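Now for the letters of each chain:
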Amino acid sequence: MEGMETDMPGLEKFSPGALQRLQEQTPKEKPDVKDSPRRSVRIALERLPVAFSNTPVLLTPKRGPQKRLLEAYSRSEEPSRKEKVRGQRKPQTLTADSDSGSDSDDHTEDSDNEDSILGTPAPLSEYEKKRLQSIKDNAKFFAALNILETAATLKKKTKVKIPPRQLRRPFTKVQEVNGVRRRSMRLQRVDPSGTPLPEPAVQFDPLPGDENQPMKPVGPLDMEPIHEVQDEAVMLDFLNTWKKASLEVPPCGAMKQPLSSLKGYKARLRSMTLVEERVAKVTKNRIFSLAIHPSESQTLVAAGDRWGEIGLWNLGHESADGGVYMFEPHSGPVGCLHFSPSHPAHLLSVSYDGTLRCCDVTKTVFDEVYRDEAAGFSSFDFLSDDGSNLLVGHWDADVSVVDRRTPGTSCELLAQVNSKSVRTVHVHPADRNYFMTAGGGDVSIYDVRRLKPKGMRPVASLSGNTKSVGSAYFSPITGNRVVTVCADDRIRVYDTTSLHSEAPPLLLSLKHNNKTDRWLTRFRPVWDPRQEDCFVVGSLVQPRQIEVFHESGELVHSFKDANYLGSVCSINVMHPTRNILVGGNFSGRAHVFMD
């Protein structure tokens, strides 16, 4: 319609037929003034907003293939849109694609425009027809499943109340039948055929009282080797050698020598070497304690292991057994070994099984000195110069005074110390009225004259250790220094010149890796008997070595050998008068460095 004026923007895109139908649906109002046809059309178009407010007008975008398929599916379920339009007038759909440029009243063109307005789709392709049929088939299939009816039925059912989750499972005690708990055949160490299995090799440090080995009988035990001896005559000759070497030992006072210079001491340590002949398996299992005979002519070593065995080794003794003989006087780990200071033919040992025995090579017996099966023994030391009086440390924080001259296997006095446990006891070398205990996180000095059965206060306490203390020892000549090893990876040295000082000053806190864990025996730093300002300790450093430190923290020397020392020597001991160092490892081997 050329020259038509409209006040509504965008209507010029609609066809004349569509505009005419919109005018017919708009309520007719009588114009105030009689106007020409062009004026009437203008007025009608001015009132189009009213028609739009009463009649919904759908503006549909251009349809794509997916929308045509959906419309075709909806028409397949309902009567065609043209039939609905013929039966009743439906709101027309105005599309933006309608032809608005023609003013002709041609019926064909108007019919085409009407189909375009009503949204009649174009003919479907073969692919679209097949897809439409598949949609119909799927709809019928899901309708046959009655999913909606089943879901409605389930919703009507009452919900099951779930009890609140319990935070902790109730404990049920295992019932025992006739006082015996049932155990599997694996725990009973029995084969399914009924044959007992061999005991496995335990690889961790046992606690006191956890051993399952039967206790040794009360009284003396004969020195019978636990291994096969090639020649008994050679063994008797071996014992006679120990007996003769004990008679050659000078008195204790003559063995103490003055301190040498640090430079001379280093030169003496460098002269000590290790060769293949000085490495031997002395015990079957891990070494817990070592002792070296004070003889000047013979090199005799004793070692105690974790299963109560004691090995005696005579270096240089040519025999089929290699000069090593093993005995089993205890049923638990041998925690401490010492030769008697007045009679070195006597080797005393304490065990976790609660027994103290004396190996007398002159009588070829292990005599029993003290027994207390209720509490295991950890260590001991001599209270007198002749070795007749002993101080024994218990794991349960007790100490006992034992007199070897008293008949029987009891103690003279049992006292309790102010500590959680006692790992080591050590008597002051210059004043034997004082002794020191180490265990738990405590290191304390006590007066033996004030021992009480129900606890006593220490004379002095060495502070600074934050974790469990493995050992503590006085310096061997004056006792003015104390060296301790702690699980906090520290080795500490204290000044104990004044025993009555409540808190002896700390001289050294040396960083040292002490994490031996459960596979190795704990380190025990010990002073050199001839150089009391230097101590020797095992090491976890690679290559494997044994370290010697000065009290100032200086590393004096490291004993190492790439060919014959390839393991950690946790327990070490030095000869009181000769240049000899013995180190024991976890496999029962002893390594002897000497010049």
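In what follows, the structure referred to is the one given above.
Focus: the overall build of the protein chain
- Looking only at helices and strands, the protein chain has eleven helices and 31 strands in total.
- Taking all 595 residues of the protein chain together, the buried fraction comes to 44%.
- Here the analysis covers contacts within the protein chain between residues at least 6 apart in sequence; of these, 57% occur between residues at least 24 apart.
- Counting every atom, the protein chain has about 33,100 Å² of accessible surface; 52% of that belongs to carbon and sulfur.

Structural notes on unusual backbone geometry
- Each neighbour pair has its own omega, and for glutamine 542 with proline 543 the value is -5 degrees, a cis peptide bond.
- When you line up the elements, proline 543 lands in the loop between strand E26 (531-538) and strand E27 (545-550).
- Non-glycine residue threonine 364 carries a positive phi angle of around 50 degrees.
- When you line up the elements, threonine 364 lands in the loop between strand E11 (355-360) and strand E12 (365-371).
- Its relative accessible area of 31% is what places threonine 364 among the partly exposed residues.
- Positive phi, close to 65 degrees, is recorded for alanine 397, a residue that is not glycine.
- Here alanine 397 is to be found in the loop between strand E14 (389-394) and strand E15 (398-403).

Some details on the sheet that holds strand E7 (residues 310-314)
- As summarised here, the arrangement of the four strands in space is E5-E6-E7-E8, forming an open sheet in which the pairing is antiparallel. Two strands lie at the open edges of the sheet, namely strand E5 (287-292) and strand E8 (324-327), each paired on one side alone. The average angle at which neighbouring strand axes cross in this sheet is 20 degrees, direction not considered.
- For strand E6 (residues 300-305) and E7, the ladder comprises five bridges, and the chain directions are antiparallel. For glycine 304, the partnering residue across the bridge sits in E7 and is isoleucine 310.
- Helix H9 (residues 232-247) contacts E6, E7 and E8 of the sheet and is inclined by roughly 80 degrees relative to E7.

Some words on H9
- In a regular helix each residue adds 1.5 Å, so 16 residues correspond to 22 Å; H9 covers 23 Å between its end C-alpha atoms and thus fits that length.
- Within H9 the residues assigned to the buried category are Met235, Phe238, Leu239, Thr241, Trp242, Ala245 and Ser246. Considered in projection along H9, the buried side chains sweep an arc of 145 degrees and stay on one side of the axis. Seen from the buried face of H9, the exposed residues on the opposite side, beyond 90 degrees, are Ala233, Leu236, Lys244 and Leu247.
- Check the buried side of H9 and you find it contacts E6, E7, E8 and strand E9 (334-339).

Structural notes on the nonpolar core
- Counting residues in each nonpolar core, the largest one holds 30 residues, and the members touching the most others are Leu269, Val548, Phe559, Leu581 and Phe593.
- Broken down by element, this core gets its largest block of residues, four residues, from E26.
- In contact with valine 548, not counting residues within four places along its chain, are Tyr265, Leu269, Cys534, Phe535, Val536, Glu554, Leu555, Val556, His557 and Phe559.
- Within the second largest apolar cluster, 22 residues are counted, among which are Met223, Trp242, Tyr325 and Leu347.

Some points on the sheet that holds strand E25 (residues 526-528)
- The strand order across the open sheet formed by four strands is E25-E26-E27-E28, and the pairing between neighbours is antiparallel. Edge positions in the open sheet fall to E25 and strand E28 (555-560), since each of these has one partner strand only. Each adjacent strand pair in this sheet contributes to an overall mean axis angle of 30 degrees, direction not counted.
- Helix H11 (residues 262-270) contacts E25, E26, E27 and E28 of the sheet and is inclined by roughly 5 degrees relative to E28.

Re the side chain of serine 444
- When you line up the elements, serine 444 lands in strand E19 (residues 442-447).
- For serine 444, a relative accessible area of 4% puts it in the buried group.
- Excluding residues within four positions of it along the chain, serine 444 makes contact with Phe435, Met436, Thr437, Pro458, Ala460 and Ser461.

Observations concerning helix H7 (residues 126-145)
- Compared with the 28 Å implied by 1.5 Å per residue over 20 residues, the 29 Å span of H7 between its first and last C-alpha is a close match.
- Of the residues trailing H7, asparagine 146 is marked for its positive phi of about 55 degrees.

Here we look at the pattern of salt bridges
- On inspection of all chains with the given rule, the structure shows 13 salt bridges.
- Linking glutamate 554 and lysine 266 is a salt bridge whose minimum nitrogen-to-oxygen distance equals 2.8 Å. Here glutamate 554, found in the loop between E27 and E28, pairs with lysine 266, found in helix H11; they are 288 residues apart in sequence, far enough to count as distant.
- For lysine 266, a relative accessible area of 22% translates into the label partly exposed.
- Residue arginine 481 pairs with aspartate 495 through a salt bridge whose shortest N-O separation is 3.1 Å. Here arginine 481 is found in strand E22 (residues 481-486), whereas its partner aspartate 495 is found in strand E23 (residues 490-495), with 14 residues between them in sequence.

What counts and what doesn't
Counting restarts for each chain, with residues numbered from 1 along the sequence as it is written. In keeping with the predicted nature of the model, local features appear solely for residues at pLDDT of at least 70, side-chain atom pairs appear and are counted solely at 80 or more, and the whole-chain, interface and lining totals rest on all residues. Only heavy atoms go into the side-chain values, all of them from the structure, while hydrogens and water stay out. Here a helix means four or more residues in a row that DSSP labels H or I, a strand means two or more in a row labelled E, and each is numbered from the N terminus. Exposure is judged per residue with a 1.4 Å probe applied to protein chains only, and the accessible area is read against the type maximum: over 50% gives exposed, under 20% gives buried, and values in between give partly exposed. Contacts: residue pairs with any heavy atoms within 4.5 Å of one another. For accessible areas, the Shrake-Rupley method is used with a probe of radius 1.4 Å. Any residue's cover is judged against the shown protein chains and nothing else. Note on pairing: two strands pair once DSSP finds at least 2 bridges between them. Angles shown run from 0 to 180 degrees and are taken between the N-to-C directions of axes, each axis being a line fitted to C-alpha atoms and, for helices, limited to the stretch in contact. Every helix has an expected span of 1.5 Å times one less than the residues it contains. Taken from the helix axis, the directions to the C-beta atoms give the arc we talk about. What makes a nonpolar core is a set of buried Ala, Val, Leu, Ile, Met, Phe, Trp, Tyr and Cys residues whose side-chain atoms join them at distances within 4.5 Å. In the sections that follow, a salt bridge refers to a side-chain nitrogen of Lys or Arg positioned within 4 Å of a carboxyl oxygen of Asp or Glu.

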